[in-house]
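Examination of the molecular architecture
Next come the chains, spelled out residue by residue.
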Amino acid sequence: MNSCRSRRRNVVHVASELGLLSWSRAADHSATKAPLIVICPALSPFETMEEATKLKKCPPPHPPPLLERRARPPQPTVTILKSKLKQSVSCSVPRVRSALSGFFPVLRWLPRYKLREYVWGDAMSGLIVGIILVPQAIAYCLLAGVEPIYGLYTSFYANIIYFLMGTSRHVSVGIFSLMSLMVGQVVNREVFLAGFDPNEDSSGLPEFNGSFSINHTASQTPSVEIMGVQCGKECYAISIAAALTFLAGIYQVMMAVFRLGFVSVYLSAPMLDGFATGASFTILTVQAKYLLGLKIPRHQGYGTVVVTWFNIFANIHKTNMCDLVTSAICITVLVAGKELQERYKDRLKIPLPTELVVVGGATLASHFGNLNHHYGTSVSGHIPTGFIAPQVPSLSLMPRVALDAVPLAVISFAFTVSLSEMFAKKNGYTVRPNQEMFAIGCCNVIPSFFHCFTTSAALAKTMVKDSTGCQTQVSSLISALVILLVLLFFAPFFHALQKCVLACIIIVSLRGALRKFKDVPAKWRASRNDAVVWLVTMSATALISVELGLLVGITFSMICIIYKTQNPKVSLLGRVSDSDLYEDAEEYQNLVLPTRVRVFRFQAPLYYANKDTFLKALYKVVGVTPFLELTRRKKAEKKAKTVSMTQAQANGERNNGDVVVALVPRELDFHAIILDCSAIPFIDSTGMAAFKGLLKEFEEIGVRVVLACCNTGLVDTLEKGEFFGKGGKDMSKMLFHTVHHAVLQTNVRQTDNSFKDSDL
């Protein structure tokens, strides 16, 4: 017995010399200070007494370094609020100058504009984008359900405002097919509910007086009173679009004020791609009737794609052959131009103005051939020159479109910020997402007073700007000047332009989004989760509606993330020979499981939704369920006691069975479980309760549970929940800096406990 005690003291002495202490508090530190972490050298566990004796003969290493947590005394909430309020309301000349230059970034970069270096690239890209914008601005009004002049207004004002307020040097802000589609769905719904005929061909832009009123008699056409004046169909349509745009801009400005830009992080790239592709299919469907010259109303409600195609095939015999031939020619020319542009993009210094050529040629052919009169083709109608007097968006219409403006605001901001960051990263500068939200919000709020509809950044035009040498937003100013020339002088010349030509321009511009279908197999191979999100979002957007498709996409993406955290990867770790590295024993070869220790890794945050998954996975990996093991032992003890007492009574002896019960085997093939918390970023109160319950359950069957590799946030949470006891008194016994250190310490303590048992 004396020999055993001596050997025990030797092992404990060796352990103390090697510094086998993990989390401790220095003697001269108060209890309120942060814990000290001791990093131990990589050693093998003590498996036999001979190994421990040999280790004692080795010269002790240098004292291990200590990691001391910084003391961060908590500040009162009132003090923090006072400090921030004082900083916010303080006023000085430099602060005012900084605020103005922050709100209008043009004040920062325009004075440093390098004229000789930048002007040629900006002028060229601005001119080309302006030429592309003119036909697209007219065409996208078909999607938005308003007159062509309003598309030109929208492009003009958006470029001017983003020039003043945007932080991206390359983004082109203006009309965007997806935004136009979403606006058009709301406009057509409200026009239909107001009693107007959605299929009624417009006879051109009505004459506006200074108060934006239209004079109609009740016997001629229906009218709606807005702000004290009678409003016809076209007037009512742009009033709806302006009110919708105003609210979308207000939402974006409010999000910027309250710094809610983080909302866009929930719009994943696969979800946005699927949404854009589904919306593109909807746009294609809506424009298909113009290619055939069919006069069928746009479907109101869900299932637009299915119902519209059914109506198209039901009325296919009414196809206008002139529109069909014109559409075939225009699509052929546009696609050929796009293919040539892509094939010879390295040789072509500027993009081919295919859209402008098609619009010009089709307008001349329609005008001199008098196609509208001879063949009944639908044309754009009169497009006036100049500007209409500004007017406040109708407050009475806003409650009707308040909910419709929410997805518009979110999608517009998400596309703008994502494109800004993409091209900023490509060209080596940074953007401010919150200022981008301010900018796009103002690009919607201010133009809504000038009869415009919702805008966003557009990928195709942004890529054109980048490829043609754009350096700053001066290019947007040049594009606005091009549109201004059209507004002042050339707009009436597009009177005879057929609507089928505009539909062709819209459909050909969707080639990029529709080509995403070819990427589905690659997406599936790269990430099945992303591929499923793309397919679900695209299908919901195309088959149900654009708004519900967005909601379904966001919800399904979040469900996929929650599912991943509820069913994370769990691992039983093994040791790489002669090192302190531990990895997944199922994923790597030649790993050795630590002697009588199980190392478990859970690769997800531990919270209320995956607490049960964590416990079940742990029980399965270690091969023991504590309460079942405890029940098994109690049954074995009861059976052994019954058998012993039966035998004693048969032999005429007195025996209560305690000796036999003590001999029932209780040992497992491991004595400790180490939870590797390196992949657990945070834990909530439910996870904390799971940890505490786990500790208690395994303690009842003689198994010790310790933690390793916890981040500081996790340690703080555990301390606040008194997981280590009051004041963290048991922290040094339960928390270790590395997995290897935890293995060493648990084996040393088990050896020490074995000596104590042998002494008894």
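Cut-off values and rules
What you see as residue numbers is a count from 1 along each chain, following the sequence as written. Given that this is a predicted model, residues contribute local features only at a pLDDT of at least 70 and side-chain atom pairs are listed and counted only at 80 or more, while totals for whole chains, interfaces and linings are drawn from all residues. Side-chain numbers come from the whole structure's heavy atoms, not from hydrogens or water. Only DSSP runs of H or I covering at least 4 residues are called helices, and only runs of E covering at least 2 are called strands; the numbering of each starts at the N terminus. Partly exposed describes any residue whose relative accessible area lies between the buried limit of under 20% and the exposed limit of over 50%, with all areas from a 1.4 Å probe on protein chains only and scaled to the type maximum. Contacts between residues were defined by any pair of non-hydrogen atoms, one from each residue, lying within 4.5 Å. Here the accessible surface of atoms and residues is derived via Shrake-Rupley with a 1.4 Å probe, and residues count as covered only by protein chains that are part of the display. Working rule for helices: expected span equals 1.5 Å times residues minus one. Here the arc refers to the set of directions running from the helix axis out to each C-beta atom. Cysteine sulfur atoms that pair up within 2.5 Å are treated as a disulfide. Polar contact criterion, stated in full: a pair of N or O atoms within 3.5 Å, where within protein one must be able to donate a hydrogen and the other to accept it, and residues adjacent in sequence count only if both atoms are side-chain atoms. The set of buried Ala, Val, Leu, Ile, Met, Phe, Trp, Tyr and Cys residues whose side-chain atoms join them within 4.5 Å is what this entry labels a nonpolar core. What makes a salt bridge here is a side-chain nitrogen of Lys or Arg within 4 Å of a carboxyl oxygen of Asp or Glu, nothing more. Working convention: axes come from line fits to C-alpha atoms, limited for helices to the stretch in contact. Angles between N-to-C directions cover 0 to 180 degrees. Note on angle classes: values under 35 degrees are labelled roughly parallel, values over 145 roughly antiparallel, values of 65 to 115 roughly perpendicular, and the remainder oblique. Whether a crossing is left-handed or right-handed is set by the direction in which the near helix is turned from the far one by less than a right angle, anticlockwise for left-handed and clockwise for right-handed. Think of it as three bins: nonpolar holds Ala, Val, Leu, Ile, Met, Phe, Trp, Tyr, Cys and Pro, charged holds Asp, Glu, Lys and Arg, and polar takes everything else, Gly as well. Only strands that DSSP links by at least two bridges are regarded as paired with each other. Pairing of aromatic rings covers Phe, Tyr and the six-membered ring of Trp, with a centre-to-centre limit of 6.5 Å; geometry is then stacked below 30 degrees between planes, edge-to-face above 60, and tilted otherwise. Each patch is assembled from residues with relative accessible area greater than 30% and no salt bridge, linking like charges that lie within 9 Å and nonpolar side chains (Val, Leu, Ile, Met, Phe, Trp, Tyr) that lie within 5 Å. Convention used here: a crossover is right-handed provided that the path from the first strand, over the helix, to the second strand proceeds clockwise when the strands point away from the viewer.

This part is about the overall build of the chain. Along the backbone of the chain there are 31 helices and 14 strands. Out of the 760 residues in the chain, the part that is buried amounts to 48%. A fraction of 80% describes how many contacts in the chain between residues 6 or more apart in sequence connect residues 24 or more apart. Surface accessibility of the chain: about 38,000 Å² in total, with carbon and sulfur atoms responsible for 61%.

The next thing to look at is helix α13 (residues 354-369). Two residues of an α-helix separated by three or four positions point the same way, owing to the 3.6 residues in each turn. Between its terminal C-alpha atoms α13 stretches 22 Å, which fits the 22 Å expected from 16 residues at 1.5 Å a residue. Looking only at α13, the buried set comprises Thr354, Glu355, Val358, Val359, Ala362, Thr363 and Ser366. Within α13, the buried residues cover an arc of 155° as seen down the axis, which keeps them to one side. Exposed residues pointing more than 90 degrees away from the buried face of α13 are listed as Val357, Leu364, His367 and Phe368. Looking at the buried residues of α13, the elements they touch are α6 (115-144), α12 (321-343), α14 (371-375) and α20 (499-508). One or two positions beyond α13, positive phi appears at Asn370, with a value near 50°.

So, on to the state of the cysteines. Here, disulfide denotes a covalent bond that connects the sulfur atoms of two cysteines. One pass over the full model with this rule turns up zero disulfides. The closest cysteine sulfur to the non-disulfide-bonded Cys710 is located on Cys677, 3.8 Å from its own sulfur. The exposure class of Cys710 is buried, given its relative accessible area of 12%.

For Thr462, the position within the fold is in helix α18 (residues 459-467). A polar side-chain atom of Thr462 sits 2.6 Å from the main-chain carbonyl oxygen of Ala458. In this view, Thr462 contacts His170, Val171, Ser172, Leu419 and Phe423; residues no more than four positions away in its chain are not counted.

Core analysis: the largest hydrophobic core is formed by 98 residues, its most contacted members being Val146, Leu178, Tyr236 and Phe453. The element best represented in this core is α6, accounting for 13 residues. Among the nonpolar cores identified, the runner-up in size contains 36 residues, and Phe600, Phe602, Ile673 and Cys710 belong to it.

Here we come to the pattern of salt bridges. The tally for this structure, following the rule as stated, stands at 18 salt bridges. A salt bridge links Arg400 to Glu190, with the shortest nitrogen-to-oxygen separation between them at 2.7 Å. You can see Arg400 sitting in helix α15 (residues 398-401) and its partner Glu190 sitting in helix α8 (residues 177-193), a full 210 residues away along the chain. What makes Glu190 buried here is its relative accessible area of 3%.

The geometry of helix α16 (residues 405-427) relative to α18 is characterised by a closest axis approach of 11 Å and an angle of 20° between their N-to-C directions. Taken together, the axes of α16 and α18 lie roughly parallel to each other. Crossing of α16 over α18 shows right-handed handedness. In contact with Leu419, Phe423, Lys426 and Asn427 of α16, α18 contributes Leu459, Thr462, Met463 and Asp466. The residue inventory of the contact of α16 with α18, partitioned by class, reads four nonpolar, two polar and two charged.

Our focus in this paragraph is the pairing of strand β8 (residues 570-576). Bridge count for β8 against strand β11 (residues 597-602) is four bridges, and the pairing is antiparallel. Within the sheet, the bridge partner assigned to Val570 lies in β11 and is Phe602. In terms of strand pairing, β8 meets strand β9 (residues 582-584) through three bridges, oriented antiparallel. Across the sheet, residue Arg575 finds its bridge partner in β9, namely Tyr582. Taken together, β8 and the strand that follows it, β9, pair antiparallel across an intervening segment of five residues, in which Asp578 is found at a positive phi of about 55°. Bridge count for β8 against strand β10 (residues 591-592) is two bridges, and the pairing is antiparallel. Considered in β10, the bridge of Arg575 is made with Val592.

It is the contact of α6 with helix α19 (residues 474-490), at a shortest axis distance of 7 Å, that shows an interaxial angle of 40°. As far as their axial angle goes, α19 and α6 are oblique. By crossing handedness, the relation of α6 to α19 is classed as right-handed. Note on element contacts: α19 touches α6 through Val474, Ser475, Ile478, Ser479, Val482, Ile483 and Val486, opposite Asp122, Ala123, Ser125, Gly126, Leu127, Val129, Gly130, Ile131, Leu133 and Val134.

Right, let's get into unusual backbone geometry. Among all residues except glycine, the phi angle is most often negative; among peptide bonds, the trans geometry is most common. Positive phi outside glycine occurs at His451, with the angle close to 65°. Counting through the fold element by element, His451 comes out in the loop between α17 (433-445) and β7 (456-457).

Attention now goes to the packing of aromatic side chains. Where two aromatic rings form a pair, the distance of their centres and the angle of their planes describe that pair. Enumeration over the complete set of coordinates arrives at 24 aromatic pairs. Here the aromatic rings of Phe103 and Phe438 are separated by 5.4 Å at their centres, their planes lie at 75°, and the arrangement is edge-to-face. Of the two residues, Phe103 is situated in helix α4 (residues 93-103) and Phe438 in helix α17; the sequence distance between them amounts to 335 residues. By relative accessible area, which is 30% here, Phe103 ends up partly exposed.

With that settled, the discussion passes to the environment of Leu535. Structurally, Leu535 is set in helix α23 (residues 528-543). Sequence-wise, Leu535 and Phe275 are 260 residues apart; in three dimensions their C-alpha atoms are separated by 9.2 Å.

A surface patch of nonpolar side chains, about 790 Å² in accessible area, is lined by Met254, Val257, Phe258, Leu260, Phe262, Val265, Tyr266 and Met558. Mapped onto the secondary structure, Leu260 falls in the loop between α9 (233-257) and α10 (269-292). Assessed through its relative accessible area of 31%, Leu260 is described here as partly exposed.

Turning our attention to the pairing of strand β12 (residues 672-676). With respect to burial, β12 is a largely interior element, five of its five residues being buried. Burial along β12 is two-sided: Ala672, Ile674 and Asp676 and Ile673 and Leu675, pointing in opposite directions, are all buried. Sheet analysis places β11 next to β12, joined by five bridges and oriented parallel. Within β12, the position partnered with Arg601 by the bridge is Asp676. Across five bridges, β12 lies against strand β13 (residues 704-708) in parallel orientation. Of the residues in β13, the one forming a bridge with Ile673 is Val705. In this fold, the crossover linking β12 to β13 by way of helix α28 (residues 685-700) has right-handed handedness.

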